[in-house]
Amino acid sequence: MATIFLIENWIMLGLSVALLGIEVWALVNALRFRPDAYTAAGKRTKPFWAAMTLGAVVIGLLSLLNMLGLFFAIIGIVMAGVFLADVLPALRTVMGNAQGSYGRRNPGRGGSGRGPRRR
């Protein structure tokens, strides 16, 4: 029976670390865009989203340290997930994918290496 609890603890630790990583990723993305990009995308302000994702990181860290339960861990990942699923794509669209591409080429534009050239 003790083995089952040990396995459960390791699984929960792994999930908590993964969720914390996602929350930190959301915070980094919230901080790297200019404040005017948020208003141009029709979203709330940069300080709001920075505080929201920072709150998610704090909740994730406290959940990782077993100070908060699973319910709060779910709240934290939902907070970060809203930013990643709704706000981040809008910011990338407004910024022309300049800050979100990480050096990848846009296949919809020239230079993709596919098909003949158009003149």
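Higher on the page you've got the structure.
Just so we're clear, the structure is a prediction, and the values are computed from it rather than from any experiment. (Residues numbered from 1 in each chain as written. Predicted model: local features only at pLDDT ≥ 70, side-chain atom pairs only at ≥ 80, totals over all residues. Heavy atoms only, no water.)

### Here's the deal with the overall build of the protein
Counting its secondary structure elements, the protein contains four helices and zero strands. Taken from N to C terminus, the helices and strands of the protein fall in the order α-α-α-α. Long-range pairs, those at least 24 residues apart, make up 65% of the contacts in the protein between residues at least 6 apart in sequence. Accessible area for the protein stands at about 8200 Å²; split by element, carbon and sulfur atoms hold 67% of it. (Helix = DSSP H or I, 4+ residues; strand = E, 2+ residues; numbered from the N terminus. Contact = heavy atoms within 4.5 Å. Areas by Shrake-Rupley, 256 points an atom, 1.4 Å probe, with all protein chains shown as cover.)

### A few points about the side chain of Glu23
Looking at the secondary structure, you find Glu23 in helix α1 (residues 2-32). For Glu23, which is buried and forms no salt bridge, the nearest opposite charge comes from Arg32, at a distance of 17 Å. Apart from the residues within four sequence positions on either side, Glu23 is in contact with Thr53, Ala56, Val57, Gly60, Ala73, Gly76, Ile77 and Ala80. (Buried < 20%, exposed > 50% of the residue type's maximum accessible area, 1.4 Å probe, protein only. Lys, Arg positive; Asp, Glu negative; His and termini not counted. Salt bridge = Lys/Arg side-chain N within 4 Å of Asp/Glu carboxyl O.)

### Examining unusual backbone geometry
Despite not being glycine, Asn66 has its phi angle at roughly 60 degrees, a positive value. By the secondary structure assignment, Asn66 is in the loop between α3 (46-64) and α4 (70-94). Residue class for Asn66 comes out exposed when judged on its relative accessible area of 70%.

### As for the packing of aromatic side chains
One pass over the structure, following the stated rule, counts three aromatic pairs. A ring pair is formed by Trp49 and Phe83, whose centres lie 5.9 Å apart and whose planes are at 50 degrees; its orientation type is tilted. Linking Trp49 in helix α3 with Phe83 in helix α4, this pair joins segments that are 34 residues apart in sequence. The exposure classification of Trp49 matches that of Phe83, with both residues buried. Relative to Phe72, the ring of Phe71 lies with its centre 5.8 Å away and its plane at 75 degrees, an arrangement referred to as edge-to-face. Classification of Phe71 by relative accessible area gives exposed; the value is 60%. Exposure remark for Phe72: the relative accessible area of 37% places this residue in the partly exposed category. Three or more aromatic residues joined by ring pairs make a cluster, and in this case those are Phe48, Trp49 and Phe83. Between Arg44 and the ring centre of Phe48, over which it is positioned, the NZ or CZ distance is 4.5 Å. (Phe/Tyr/Trp six-rings, centres within 6.5 Å; stacked < 30°, edge-to-face > 60°. Lys NZ or Arg CZ within 6 Å of the ring centre and 35° of its normal.)

These figures capture arrangement, not role.
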